[in-house]
Amino acid sequence: VSELLALLDKLIQELDERKEKIARAKNLLSPIRRLPAEMLTEIFMNYIEPDAQRLYNALPRPLLLSQICAQWRNLVQFTPCLW
């Protein structure tokens, strides 16, 4: 019985790991990742309002956007009009 329980635990762990891999792969296929940089920049410009910049969080909004993923970080860093 203990061997079967150990095997079951191992299989459950493998299942969880595979579910995690699937979730990461689905994130890569997200529609927002396929938007051109120009569209994302326009969306970001509408998100960043000068008067409301510090109302919701202590960090400037461009820094918040840059924490989402590497693609967004690069876009924010190399788009001066967002700052």
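Structure first, text after, so check above.
Residues numbered from 1 in each chain as written. Predicted model: local features only at pLDDT ≥ 70, side-chain atom pairs only at ≥ 80, totals over all residues. Heavy atoms only, no water.

## Quick word on the packing of aromatic side chains
Step number 1: Per the counting criterion, the structure on display carries one aromatic pair.
Step number 2: With a centroid separation of 5.0 Å and an interplanar angle of 65°, the aromatic rings of phenylalanine 44 and tryptophan 72 are classed as edge-to-face. Placement of phenylalanine 44 in helix H2 (residues 37-47) and of tryptophan 72 in helix H4 (residues 70-77) is noted, with a sequence separation of 28 residues between them. Pair check on accessibility: phenylalanine 44 and tryptophan 72 agree, each one buried.
Step number 3: The ring of tyrosine 47 has arginine 61 sitting right over it, with the charged end atom 4.5 Å from the ring centre. (Phe/Tyr/Trp six-rings, centres within 6.5 Å; stacked < 30°, edge-to-face > 60°. Helix = DSSP H or I, 4+ residues; strand = E, 2+ residues; numbered from the N terminus. Buried < 20%, exposed > 50% of the residue type's maximum accessible area, 1.4 Å probe, protein only. Lys NZ or Arg CZ within 6 Å of the ring centre and 35° of its normal.)

## Some points on the nonpolar core
Step number 1: In terms of nonpolar packing, the biggest core is built from nine residues, these being Leu40, Phe44, Ile48, Leu65, Cys69, Trp72, Leu75, Val76 and Leu82.
Step number 2: Those elements that place two or more of their residues in this core are H2 and H4.
Step number 3: If you tally residues by element for this core, the top one is H4, at three residues.
Step number 4: With residues up to four places along the chain from it excluded, the contact list for leucine 82 reads Thr41, Phe44, Met45, Ile48, Pro62, Leu75 and Val76. (Core = buried A, V, L, I, M, F, W, Y, C linked by side-chain atoms within 4.5 Å. Contact = heavy atoms within 4.5 Å.)

## Overview of the side chain of threonine 41
Step number 1: On the secondary structure map, threonine 41 appears in helix H2.
Step number 2: On the basis of relative accessibility, which here comes to 15%, the residue threonine 41 falls in the buried class.
Step number 3: If sequence neighbours within four positions are ignored, threonine 41 has contacts with Leu75, Thr79 and Leu82.

## Remarks on H2
Step number 1: Buried within H2 we find Leu40, Thr41 and Phe44. Taken end-on, H2 shows its buried residues confined to a sector of 100°, consistent with a single buried face. Among the exposed residues of H2, those oriented more than 90 degrees off its buried face are Glu38 and Asn46.
Step number 2: Structurally, H2 contributes buried residues whose contacts are with helix H3 (61-66) and H4. (Arc of directions from axis to C-beta.)

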